[in-house]
Structures are given as C-alpha cells and as structure tokens.
Amino acid sequence: MFARKDVRILKVRKKFKYVCLLILLAVLMGLVQWLMLIGKIPDHLFVASGSGEAELFADYLPSWIEEEVKAASYYGSSDIPQENLHISEPSSYTVECSLMGVLPVKDIQVDVVERQQLIPSGIPVGIYMKTEGVLIVGTGAVCDINGATQEPGGDIVHSGDYILAVNDVPVTAKEEVVREINEAAGQEVCLTVIRKGEQIDLQVPVVQTGLSEYKAGIWIRDDTQGIGTLTYLKENGEFGALGHGISDIDTSTLLSLKAGNLYRTEIKNVVRGENGVPGELSGIIRYESDEILGDISENTGIGIFGVITAQKDELAYCDAMDIAYKQEIKEGPAEIISAVSGEVKKYGIEIEKVNLNSSDANKSMVIRVTDEELLTLTGGIVQGMSGSPIIQNGRIIGAVTHVFVNDPTKGYGIFIENMLEH
C-alpha cells in the first residue's frame with residue numbers, strides 16, 4: 001500500500017518537473033521572441049516634413065504592436081487660444097510602441113526633417129588615398145649581415161599602428177621611414193605611433209642586413225588605390241561613394257586619410273562572380289592631374305566623402321531625386337545604377353530584407369540581382385560595384401556595399417540616410 005503511494009508520488013513529481021521544464025522553455029522562448037522584437041524597432045527615425053504621424057513601420061512589425069505619439073518637442077503652458085496660434089509641426093517627437101496598446105515595448109525618437117534631394121551617379125571611379133602617417137601592416141624576420149635570422153619588430157609593434165615619426169623626425173612616406181632607420185646605423189629607433197587613437201613611443205631594435213642597410217623587420221604601407229562607384233552628388237558639389245570605408249587589405253584597418261582623389265577610370269574587363277569566388281571590375285585609372293574628378297576629405301565606415309572638382313553633368317545619371325528614409329523602403333522590386341557594361345544604366349534587383357535596426361549600417365538591406373543582362377555580364381554583384389545607387393519608387397534609398405561570397409547574385413546595401421550622417 002505504501003509502495004503504491006510512493007510510486008504515485010514519484011510519478012506526480014516527475015510530471016511536475018516536466019511541466020516546470022515546459023514552462024521554463026516557454027518563458028525562454030517568449031523572452032527570445034521579445035528581445036528579437038525589440039531588436040527590430042529602431043531607437044531613432046527621420047520622417048519627412050508634411051508626412052504626418054502615420055504608422056512609421058507597420059509593414060515590419062506584428063499587427064498587435066501599436067504606435068502612439070507620446071510627446072512632442074513643445075514645452076510649457078499658455079493661456080493663448082489655440083485658434084490664434086499658427087504653429088508648424090514639431091521638429092521631433094516620441095513614439096511609444098506597445099503590446100496591444102497596454103504594455104510598453106520601446107520608445108522611438110522621431111526627428112522631422114526636410115526631405116533631401118541627391119543626384120544619383122553610378123559612375124566607376126579610380127580612388128587614390130594617402131594615409132595619415134605610415135601604416136604598419138605586420139612584422140617579419142630578417143637575415144642580419146652575419147646570416148642569423150632575427151625579428152627585431154617582434155611583439156613591440158602591432159599591425160594597424162600608424163608611424164608618425166622616427167626618432168622625432170616626422171614621416172609621411174615609406175621611403176622616409178626606410179631612410180631614418182638606415183641613419184640609425186644599428187641603434188634602436190624610437191617610433192612615434194598612433195595605436196587605437198592613442199599616441200605612444202616605441203623603442204624598436206634595428207638589425208644590420210647589408211653594408212649600409214638596416215632594417216626593423218616591419219612591413220609598411222603609405223597609400224592605397226582601387227576602383228569603386230560614385231553613389232551621389234549634391235548641388236553644392238559634395239559627393240558620397242562606396243557605402244563603406246576603405247580598409248587595409250591585409251589588416252582590415254580603416255585607413256587614416258591624409259589626402260585622396262577620385263580619378264577618371266575606364267572599365268576594361270569584368271571577372272564574373274561565382275559561388276565562393278567574388279568577381280571584380282578591372283580597368284585603367286588615369287593618375288594624371290587633368291583626370292582628377294574630385295578631392296576625398298573623409299574615409300569613414302559608411303563611405304568616402306569629399307567635393308567634386310569636375311563638371312557635375314559628367315558624373316550625374318539624371319536630375320536630382322528625393323531620398324527615401326529607411327521605414328519607407330519596401331521589400332520587393334528596385335533598381336541599381338551601374339556602368340559595368342561601359343554605359344550607365346539601371347538594372348533590376350529585388351530587396352529581400354530590410355533591417356531597420358541593423359548593428360552594421362553597411363548591411364541594412366539584403367538585395368538580389370534579378371536582371372538577366374547584369375547576371376550574364378557579372379554573375380550578380382562584383383567588387384568595384386560598391387556604391388552603386390539603389391532606387392525604389394523614384395527615390396534613392398541606398399547603395400550596394402557587399403556581395404555574398406557564396407552567392408554573387410545577392411549582397412548587402414546601406415540606407416542612404418546613413419551615408420548622409422557622416
């Protein structure tokens with residue numbers, strides 16, 4: 001009798017554990033879904049003046065999430081009758097997203113702005129950049145004059161350090177670094193470098209490798225060049241290109257810009273992209289003063305920026321068009337502007353995903369090339385097409401930034417509003 005009771009108690013306890021486990025899993029799944037939902041909602045949005053307070057992104061959230069304006073940027077109180085006031089719309093307000101209008105989920109700061117216009121380009125350009133200081137790419141072993149192998153730089157310098165001076169002598173080119181190390185004649189040199197935004201001095205040994213040759217065992221670089229695509233122009237001559245920054249090919253360090261230029265370029269060949277092997281544009285960059293199109297003043301994570309010095313008409317695809325803000329972008333058909341064929345034209349794409357709150361601005365949209373002509377020519381997106389403007393419903397919405405290595409028909413895009421925040 002007591003044994004049967006014990007068995008029943010054990011079964012009840014076992015069932016209770018299962019129930020508790022199921023409840024715990026349900027809670028965890030609900031928490032994950034909740035966090036994912038919050039992650040979809042951006043902290044900040046721009047809306048165009050005159051667009052009103054319509055639902056900001058109803059297409060991107062479940063129907064049971066409601067939006068409600070909580071506060072506008074008006075403060076204080078007044079006795080003046082409302083009919084006597086003529087007030088423009090607020091410059092900013094807060095929208096509360098809530099669960100069925102009851103449980104607050106997240107607040108969004110909304111800024112009301114005048115909708116900007118940009119001139120789309122799509123023209124391939126040659127890019128030359130001179131770094132601020134001399135970039136240390138890495139270290140390596142050297143053979144001294146006696147045949148012994150040494151690595152003087154060792155762990156003293158780091159890939160990504162920028163050399164500003166050698167023994168207090170400012171340097172801006174590789175040749176200057178080499179000259180100062182040779183003049184040290186086997187003594188330690190003091191390298192003044194920038195590392196993660198901080199200036200520090202490093203004492204680096206020098207090894208004699210020849211009769212009048214000395215080395216510190218460091219690989220250095222002072223410039224970079226390549227081909228990209230001009231995204232947009234402004235009426236005042238300012239431009240934006242690439243949609244991502246220019247980084248060192250070996251260290252992935254965002255290059256610190258001293259000076260740079262855009263040059264006319266002529267595409268000579270297109271290497272088609274295939275699964276696992278990204279394609280590329282190759283061409284001739286005319287590094288001559290009369291072939292300069294503009295000056296680069298900024299190299300940022302969201303693109304390169306500067307001022308056009310050539311005639312804007314030479315670089316414009318069409319007249320200026322409105323921009324679209326990210327919540328106005330829809331999944332579905334769109335177009336990119338590119339000159340991969342030698343002629344600037346539009347090609348059809350599909351916007352497959354829009355991430356309003358991406359942690360990586362360069363990967364805010366997933367796009368897929370659908371245009372048969374472009375697929376035949378390039379296989380999809382290739383290196384050098386970064387910066388190609390993306391157009392939807394007559395508005396410029398962003399630029400191409402990356403290609404999927406394992407599927408060249410697909411890639412990422414950046415919102416145009418992000419590029420304008422540089």
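These numbers were taken from a predicted model, which means no experiment stands behind them.

Draft legend 1. Layout of unusual backbone geometry. Even without being glycine, Asp 168 reaches a positive phi, approximately 70°. Secondary-structure assignment places Asp 168 in the loop between strand S9 (162–166) and strand S10 (169–170). Notably, Asn 393 is not glycine yet its phi reads approximately 50°, a positive angle. You can see Asn 393 is positioned in the loop between strand S25 (389–392) and strand S26 (395–404).

Draft legend 2. Examining the sheet that holds strand S23 (residues 345–354) more closely. Pairing is antiparallel in the closed barrel, where six strands are placed in the order S22-S23-S24-S27-S26-S25. On average, each strand axis in the sheet is inclined to that of its neighbour by 45°, with strand direction left out of account. Where strand S22 (residues 332–338) lies against S25, two bridges are found, and the strand directions are antiparallel. Residue Ile 336 lies in a different strand from S25, and its bridge partner there is Ile 390.

Draft legend 3. Examining the nonpolar core more closely. Residues Ile 336, Ile 351, Met 365, Ile 367 and Ile 390 are the most contacted members of the largest nonpolar core, which totals 29 residues. Elements with a contribution of two residues or more to this core: strand S17 (257–271), strand S18 (280–285), S22, S23, strand S24 (365–369), helix H4 (372–378) and S26. With near-sequence residues (within four places) excluded, Ile 336 lies in contact with Lys 345, Lys 346, Tyr 347, Ile 349, Leu 374, Met 385, Pro 389, Ile 390 and Val 400. Judged by nonpolar contacts, the second largest core, of 23 residues, contains Ile 119, Val 125, Val 137 and Ile 308.

Draft legend 4. Expanded view of the side chain of Arg 195. As for its position among the elements, Arg 195 is in strand S11 (residues 189–195). At 3.2 Å, the side chain of Arg 195 and the backbone oxygen of Ile 156 are in polar contact. Excluding residues that lie within four positions of it along the chain, Arg 195 makes contacts with Ile 156, Val 157, His 158, Asp 161, Ile 200 and Leu 202.

Draft legend 5. View of the packing of aromatic side chains. The final tally for this structure, using the stated rule, is four aromatic pairs. Measuring from ring centre to ring centre gives 6.2 Å for Phe 46 and Tyr 325, while their planes differ by 40°; the resulting arrangement is tilted. Of the two residues, Phe 46 sits in strand S1 (residues 44–48) while Tyr 325 sits in the loop between strand S21 (321–322) and S22, which places them 279 residues apart along the sequence. For Phe 46, a relative accessible area of 18% corresponds to the buried category. Taking 4.8 Å as the distance between ring centres and 55° as the angle between the ring planes, the aromatic pair formed by Phe 404 and Tyr 412 counts as tilted. By relative accessible area, which is 22% here, Phe 404 ends up partly exposed. Look at Tyr 412 and you get partly exposed, because its relative accessible area is 23%. An aromatic cluster is present here, built from Tyr 128, Tyr 263 and Tyr 287 joined pairwise through their rings.

Draft legend 6. Layout of the environment of Val 125. Checked against the element boundaries, Val 125 lands in strand S6 (residues 124–139). On the basis of relative accessibility, which here comes to 1%, the residue Val 125 falls in the buried class. Residues Val 125 and Ile 267, 142 residues apart in the sequence, show an inter-C-alpha distance of 9.4 Å. Leave out the neighbours within four places in its chain, and Val 125 touches Gly 226, Ile 227, Gly 228, Leu 230, Leu 262, Tyr 263, Thr 265 and Leu 293.

Draft legend 7. Structural detail: helix H2 (residues 174–183). Residues of H2 that are buried include every one of Val 177, Glu 180 and Ile 181, and no others. Axial view of H2: buried residues confined to an arc of 100°, hence all on one face. Residues of H2 that are exposed and point more than 90 degrees away from the buried face comprise Glu 175 and Glu 183. For H2, the elements touching its buried residues are S6, S9, S10, S11, strand S14 (213–215) and strand S15 (218–233). Immediately downstream of H2, the backbone of Ala 185 shows phi near 50°, a positive value.

Draft legend 8. View of the environment of Pro 278. Within the fold, Pro 278 resides in the loop between S17 and S18. Judged by relative accessible area, Pro 278 falls into the partly exposed class, the value being 32%. Between the C-alpha atom of Pro 278 and that of Val 403, which follows or precedes it by 125 residues, the distance is 7.4 Å. Those residues in contact with Pro 278, other than ones at most four positions away along the chain, are Gly 273, Gln 383, Val 403 and Val 405.

Draft legend 9. Quick peek at the pattern of salt bridges. For the coordinates displayed, the defined rule picks out 17 salt bridges. For the salt bridge of Lys 106 with Asp 43, the shortest nitrogen-to-oxygen distance reads 3.0 Å. Taken together, the positions of Lys 106 in strand S4 (residues 103–113) and Asp 43 in the loop between helix H1 (2–40) and S1 put the pair 63 residues apart, joining distant regions of the chain. For Lys 106, a relative accessible area of 14% translates into the label buried. Note that Glu 266 and Arg 286 form a salt bridge whose closest N and O atoms lie 2.9 Å from each other. Here Arg 286 lies in the loop between S18 and strand S19 (292–300) and Glu 266 lies in strand S17, a separation of 20 residues in the sequence. Its relative accessible area of 32% is what places Glu 266 among the partly exposed residues. We classify Arg 286 as partly exposed; its relative accessible area is 31%.

Draft legend 10. Structural view of the pairing of strand S5 (residues 117–120). Across two bridges, the pairing between S5 and S21 is antiparallel. Bridging from a neighbouring strand, Gln 117 pairs with Asp 322 of S21. Of the strand pairs in this sheet, S5 and S15 are connected by two bridges, and their pairing is antiparallel. Considered in S15, the bridge of Pro 120 is made with Tyr 232.

Parameters at a glance
- Residues numbered from 1 in each chain as written.
- Predicted model: local features only at pLDDT ≥ 70, side-chain atom pairs only at ≥ 80, totals over all residues.
- Heavy atoms only, no water.
- Helix = DSSP H or I, 4+ residues; strand = E, 2+ residues; numbered from the N terminus.
- Pairing = 2+ DSSP bridges.
- Axes fitted to C-alpha atoms, helices over the stretch in contact; angles between N-to-C directions.
- Core = buried A, V, L, I, M, F, W, Y, C linked by side-chain atoms within 4.5 Å.
- Buried < 20%, exposed > 50% of the residue type's maximum accessible area, 1.4 Å probe, protein only.
- Contact = heavy atoms within 4.5 Å.
- Polar contact = N/O pair within 3.5 Å; in protein donor to acceptor, adjacent residues only side chain to side chain.
- Phe/Tyr/Trp six-rings, centres within 6.5 Å; stacked < 30°, edge-to-face > 60°.
- Arc of directions from axis to C-beta.
- Salt bridge = Lys/Arg side-chain N within 4 Å of Asp/Glu carboxyl O.

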